[in-house]
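Per-entry structural report
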Amino acid sequence: MNDNQKCKRNFRNSKVWSAWKRLIIANQKGLDFITHAKLRKYSALHHLDLNPEHYTDISNEDNFCYLNNECHKLVHYLYTYYKKDEQVLDRLKEVLDRMKCINENITN
């Protein structure tokens, strides 16, 4: 484990971080920022600022959002493409819209 990883681990185990997480959860009313589904046990407080030097900077609540684990993985995955081509979100929306249209008469 490198020094950066140790710093992150130590910070995530701090009382300051725990209190910060509770504040963000309360402000999001316990809901995933994207889906508005109830936050699950293994949800993640997502840092929007990916600079490792800023990892412990909790001075701006707007730099964070709580996501369920699946959304968190998806955001990081899609971001690698989005930063190269912002149209990736338009194409994703098109796929989702088409799925909704095709499946709107199917009941779960």
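Everything below is about the structure printed above this text.
Treat the numbers as computed from the prediction; the structure is a model and nothing was measured. Residue positions are given per chain, counting from 1 as you read along its sequence in written order. Side-chain atom pairs in this predicted model are given and counted only at pLDDT of 80 or more, local residue features only at pLDDT of at least 70, and totals for whole chains, interfaces and linings cover all residues. Just so you know, side-chain values use all the structure's heavy atoms and leave hydrogens and water out.

**Notes on the overall build of the protein chain**
A run of H or I in DSSP becomes a helix once it reaches four residues, and a run of E becomes a strand once it reaches two; helices and strands are each numbered from the N terminus. Of the regular secondary structure elements, the protein chain holds 4 helices and 2 strands. We compute the radius of gyration over the C-alpha atoms and compare it with the globule rule, which gives 2.2 Å times the number of residues raised to the power 0.38. Compactness check: the protein chain gives a C-alpha radius of gyration of 17 Å against a globular reference of 13 Å for 108 residues, more than 25% above the reference. By its C-alpha atoms, the protein chain is 50 × 30 × 25 Å across when sized along the principal axes. Three exposure classes are used, based on accessible area relative to the maximum for each residue type with a 1.4 Å probe and protein chains only: buried under 20%, partly exposed in between, and exposed over 50%. Taken over 108 residues, the protein chain has a buried fraction of 21%. Only heavy atoms matter for contacts: two residues are in contact if any of them lie within 4.5 Å across the pair. Here the contacts in the protein chain between residues at least 6 apart in sequence split such that 59% fall between residues at least 24 apart.

**Examining the pattern of salt bridges**
If the charged atoms of two oppositely charged side chains come close together, the side chains can form a pair. Any Lys or Arg side-chain nitrogen located within 4 Å of an Asp or Glu carboxyl oxygen qualifies as a salt bridge. What the rule picks out here adds up to 4 salt bridges. Of the charged contacts in the structure, one is a salt bridge between arginine 91 and aspartate 85, with a shortest N-O distance of 2.7 Å. A salt bridge links arginine 98 to glutamate 94; the nearest nitrogen and oxygen atoms lie 3.4 Å apart. Here arginine 98 and its partner glutamate 94 are both found in helix H4 (residues 88-103), 4 residues apart, which amounts to about one turn of the helix. A relative accessible area of 51% places arginine 98 in the exposed class.

**Here's the deal with the packing of aromatic side chains**
The aromatic pairing rule takes the rings of Phe, Tyr and Trp, using the six-membered ring of Trp, and pairs them if the centres are within 6.5 Å, calling planes under 30 degrees apart stacked, those over 60 edge-to-face and the rest tilted. Tallied over the full model, the rule gives 6 aromatic pairs. An angle of 75° between the planes, with centres 5.6 Å apart, marks the rings of tryptophan 20 and phenylalanine 64 as edge-to-face. With tryptophan 20 in helix H2 (residues 15-27) and phenylalanine 64 in strand S2 (residues 64-67), the pair connects residues that are 44 residues apart, well separated along the chain. With respect to class, tryptophan 20 is no different from phenylalanine 64; both count as buried.

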